[in-house]
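# A look at the structure
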Amino acid sequence: MSMPDLRYAVRSLVRTPGFTVVALATLALGIGANTAIFSVVRAVLLRDYPFQQPDRLLQIGHERVAQGRVFGGFSPQDVDDLRAGATQLSSVSSYFFMPGVSTRNLSGVGEPVNLSAAMVDGHFFGTLGVSAASGRTFGSSDDVPGANRVVVVSHAFWRTHLAADPRAIGSTVQLDGTPFILIGVMPRAFAFPNAEVQLFLPRSILTDNDVPHRRGVRWLNVVARLAPGATLQSAQAQVAPLLERLARDFPESNEGWGRPAIVPLTDYLSGAVRMPLLALLAAVGLVLLIACVNVAHLMLARGLARSREMAIRAALGASPGRLLRQLLLESAVLAFASAGLGLLLAWVGVPLLASTATDVLPRASEIRIDPVIATFSFLAGVAAFLVVGIVPAVRTARPAAGAALREGRGQSAGTHRLADGLVAAESGLAVLLLCGATLALASLWRLTHVDPGLRADNVITMRLLLKGGRYEDEVVAQRFRTDLLARLGEIPGVVATGASKRAPLTGGGEPYSFRIIRPAGVVDTIQPVAGFQIVMPGYFKALSIRLKSGREFTAADTTDPTPIIVSQALASQAWPGQDAVGQRFLLGADEGVVVGVATDVRHQGLASPAAPVGYVPMAIFQRSAFNVYVRTSGSPLGFIGRIRDVVHDLDPDMPISDLGPLTSQIAGTVAQPRLFTLLLGAFGLTALLLAAIGVYGVVAQGVSRRRREIGIRMALGARAASVVRMVVVHALRATAIGTALGLIGFLLVSKVVRARLYEVRATDPLILAGAALILLAAALLAAWLPARHAARVDPMSALRVE
Amino acid sequence: MIRLAGVEKAVPTRPTPTFLLRRIDLSIAAGEFVTVMGPSGAGKTTLLNILGMLDGEYTGEYWFGDTAVHALPARQRATLARTSVGMVFQQYHLLDELTVAENLELPLDYRRVPKSERAALVGDALDRFQLVGKKDLLPRQLSGGQQQLVAVARAVIASPRLLLADEPTGNLHSAQGREIMQLFQRLNGEGLTIVQVTHSEEHARCGSRTIHLKDGWLTPG
């Protein structure tokens, strides 16, 4: 390559601005989208976790056969037994973190705020093999009563609340009104167990009052490190009999909890998004391929238009190799300029993508453009060059010199077959993407239109935490909750108020079991699959959950006997064929009575069927964190200010979290499938548009090429309609062949998407036919526009040109 | 059969329009074989396009039998052309991808002649024009004279009342040209009205009458 060659290549592209702009924009969009999605894949799946030897770390839970593969937690006693007995594990640590539940109120630094906190044991940081960025983490000696008023904070906390002050180590931080010594700041990349965690507190600050430290109450997550020489299989082989033994030794608490669920920690953190992300990467790769096919066709058309120029050059003595080199150089300039532009687009788009994905993807904060991403962009440019550059350059560089000079034309049947082949190829690729996008959209539509069992419209929700200071007194805390609901109920336009520990449709029911003494003296132990929801009076009315029989909780409910409300599914499970209201049972040592039966609610999420669930009153099962629901008679947004005023009237220092419409919060529970579906839909639409542009280009070029033939046909009596039909049918033939191949291709890979669909079959004939029809309709429109132009060919001028 | 009265054709140019035909008054009786002659740019092809009803952008009157062609909407004019006029061109204008038989079938297809009838008519034409042995050949496999023979056969296969030929022998050598003229005379003898444009005095003499055009005007020979 020489500088004059390069200069000529650039000048040649500049001389045809229409072609260059369209080709650059098409390729840059494809490369930019690929770069952006690859930056997500790299951050979430490929970048090393900031742990020492992350592949040696395991997440350990319980597999419960009756409830599918659930990462059932551990009790502190079970963790101790695991640590003592599992020699295949060099280190075992436990932590408690439940989004929206494990929080602390920060005061004394600006406005009081409620922050996510993880309560981690003294082995936690050592097991992960991480050190503080400044200060230190804590160990076992800190995780004991009397020494445990220490806190390690996230890098985000240090920046946001401490202005990145390096002297903050050793300072005091007020959490729930209690002073904690700040001993360390974690590195920026550390985002475990979750990016929203800002505080790491010793597990021992949770006392029996917070969570009963009993073997049957499993509230701890377990992370362990494989011992040197140990493997996942050897750890499994050792932990399984250990848990079986605990189930045998402690049948009251551990029966049914004898099977371990052990996965590599990295899989646990990103396993759920691995397939969707790889599917997105494949989808966006298809978009780039379609873009390349389109540009290849543009290059071919441009080559045809330049056949006379090539013939002249050849006649002047240019060798085929010299011509080929020149044309390849033009393609390379185009491809690498597109890669640069694509990288620029990704640089603009990736921060937007990262902010959208913050609550949806793990490690979203690590999504960024870096040298590896830039290299990927460059390689995408190389791939684009190989696809769009070589074949058109080879075809253009071998003109039938004499023919081209004599006739001013140089179009071979092979070139037109190649153009038809390109249309078929991009149609096939586009239909492949459209099928995936249409199925994902259908799945999301069904998911978001499923009846959750409650009504979220016209409801404002917020989350509060009553902890520390005066709220350590349960009577005070309960009075606050009761007063709050009463005062909120007095706001004009509010029709009902209620509260519960867990936000709706986020799971997290407390895993209690109760016993029923059957008439023959047989004892049945029932553990509702969705656990127990802890709620306040008004909850059912505020969320419009219908009571089939019995009554709501009231302020007068006491522990003698403990009242519970059961869902229809739980009533059928526990008292089949009987009226559940009035039935007695044993909840621990206390007697309970069913006071009502409520319709089923999908507490474990929209995608999970409504499982049996029980409800107990918060007046008896007091919890510090709770969610409030305010149902209004009209649009609820106007009530937000007044709701905040009521809270601050009761306690001016009370931080309010997640104040907003319940509909938004519920929409947030399907944010991940929504994001993936929207991205897939966008790629599907882009593919559709590119395929339509491709068809348009090929047909328009075909019409131009067949101008003489069309003129003759019209001179012989062809009607306009028959000319349009002839052109469109020819174009649709290639599209239809591509579509059929694309459909076959999709059926072959449909297994991949099956697991991600909700109540939609991956081979649903209506949806797949719909996707194919959308493409054919777009192709029809794209072909019809130039075909209409063909029908207006003036036979006189067409024949005269000849 | 044909009557033109005061036909004028102009194309818009600046500062004044350019006239291609001026005040053409012309009558052609059924069964005539008329030759149009004149230098390049005289308006011969323009006149032929108007007669062939391919061009409707003119002023004046054009009567085809009792039909006022000048007053017909484009669609009806196209229908009348389809049923009444056959055309032969200097460049043959056969469709390269179609065989001889398929080229012959095309006008019948456009006139919606039933398939069985089409086959019979194509068979007749192949026989009549002695093309049976070449029916499956592509145009590029034929000589120029043979291609023009196919073009003539295609022009008359749907039994038009008028055959228009724009320099039909322009691309042929003299022997081939004579053969085409003999064919035209035979067709004219069978009652077909023919209007041809030619530069050849010899070929003009094959017709029954010659008219001359110069700068768009009809001029005395």
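Just so it is clear, the structure is predicted and the values come from calculations on it, not from any experiment. (Residues numbered from 1 in each chain as written. Chains lettered and ligands numbered in written order. Predicted model: local features only at pLDDT ≥ 70, side-chain atom pairs only at ≥ 80, totals over all residues.)

## Remarks on the overall build of chain A
- Scanning chain A for helices and strands turns up 23 helices and 23 strands.
- Across its three principal axes, chain A shows a C-alpha extent of roughly 105 × 60 × 55 Å.
- Burial status across chain A gives 47% buried among its 802 residues.
- In chain A, the proportion of contacts linking residues at least 24 apart, taken out of those at least 6 apart, comes to 83%. (Helix = DSSP H or I, 4+ residues; strand = E, 2+ residues; numbered from the N terminus. Buried ≥ 20, exposed ≤ 12 C-beta atoms within 10 Å, placed from the backbone. Contact = placed C-beta atoms within 7 Å.)

## Quick word on unusual backbone geometry
- Geometrically, the link from Phe 192 of chain A to Pro 193 of chain A is a cis peptide bond, its omega value of 0° lying close to zero.
- Here Pro 193 of chain A shows up in the loop between strand S8 (178-185) and strand S9 (197-202).
- A positive phi is found at His 93 of chain B, a non-glycine position, where the angle reads about 55°.
- When you line up the elements, His 93 of chain B lands in the loop between strand S6 (85-89) and helix H3 (100-110).
- The exposure class assigned to His 93 of chain B is buried, which follows from the 25 C-beta atoms found within 10 Å.

## Observations concerning the domain arrangement of chain A
Residues and elements named next belong to chain A.
- Taken domain by domain, chain A consists of domain 1 (1-49 + 275-411), domain 2 (94-231) and domain 3 (459-668).
- Here the C-alpha centroids of domain 2 and domain 3 sit 29 Å apart.
- Each partner contributes residues to the interface: domain 2 has 13 residues there, and domain 3 has 13 residues.
- Those elements giving two or more residues to the side of domain 2 that touches domain 3 turn out to be strand S3 (103-107) and strand S4 (113-120).
- At 3 residues, the largest contribution of residues to the side of domain 2 that touches domain 3 is made by S3.
- Of the residues in the side of domain 2 that touches domain 3, the class split is 4 nonpolar, 7 polar and 2 charged. (Domains from an automatic or database assignment. Nonpolar A, V, L, I, M, F, W, Y, C, P; charged D, E, K, R; others polar.)

## A short note on the sheet that holds strand S3 (residues 33-37) of chain B
All names here are of chain B.
- Strand order in the open sheet formed by 6 strands is S6-S7-S8-S3-S9-S10, and the pairing between neighbours is mixed. A strand with exactly one partner marks an edge of an open sheet, and here the two such strands are S6 and strand S10 (217-219). Each strand axis lies, on average, 25° off the axis of its neighbour in the sheet, ignoring direction.
- Here S6 pairs with strand S7 (residues 162-166) via 5 bridges, running parallel. If you follow Val 88 over to S7, its bridge partner there is Ala 165.
- Docked against the sheet, helix H1 (residues 44-51) engages S3, S7, strand S8 (193-197) and strand S9 (209-214), running at close to 155° with respect to S8. (Pairing = 2+ DSSP bridges. Axes fitted to C-alpha atoms, helices over the stretch in contact; angles between N-to-C directions.)

## Brief notes about the packing of helix H8 (residues 265-305) of chain A against helix H11 (residues 371-396) of chain A
Residues and elements named next belong to chain A.
- Look at H8 against H11: their axes get within 9 Å of each other, and the N-to-C directions meet at 25°. By the angle between their axes, H8 is roughly parallel relative to H11. In this structure, H8 meets H11 at a crossing whose hand is right-handed. In contact with Leu 288, Cys 292, Val 295, Ala 296, Met 299, Leu 300 and Gly 303 of H8, H11 contributes Ala 380, Ala 384, Val 387, Val 388, Val 391, Pro 392, Arg 395 and Thr 396.
- Considering only residue class, the contact of H8 with H11 consists of 12 nonpolar, 2 polar and 1 charged. (Parallel < 35°, antiparallel > 145°, perpendicular 65-115°, else oblique. Left-handed = near helix turned anticlockwise from the far one by under 90°.)

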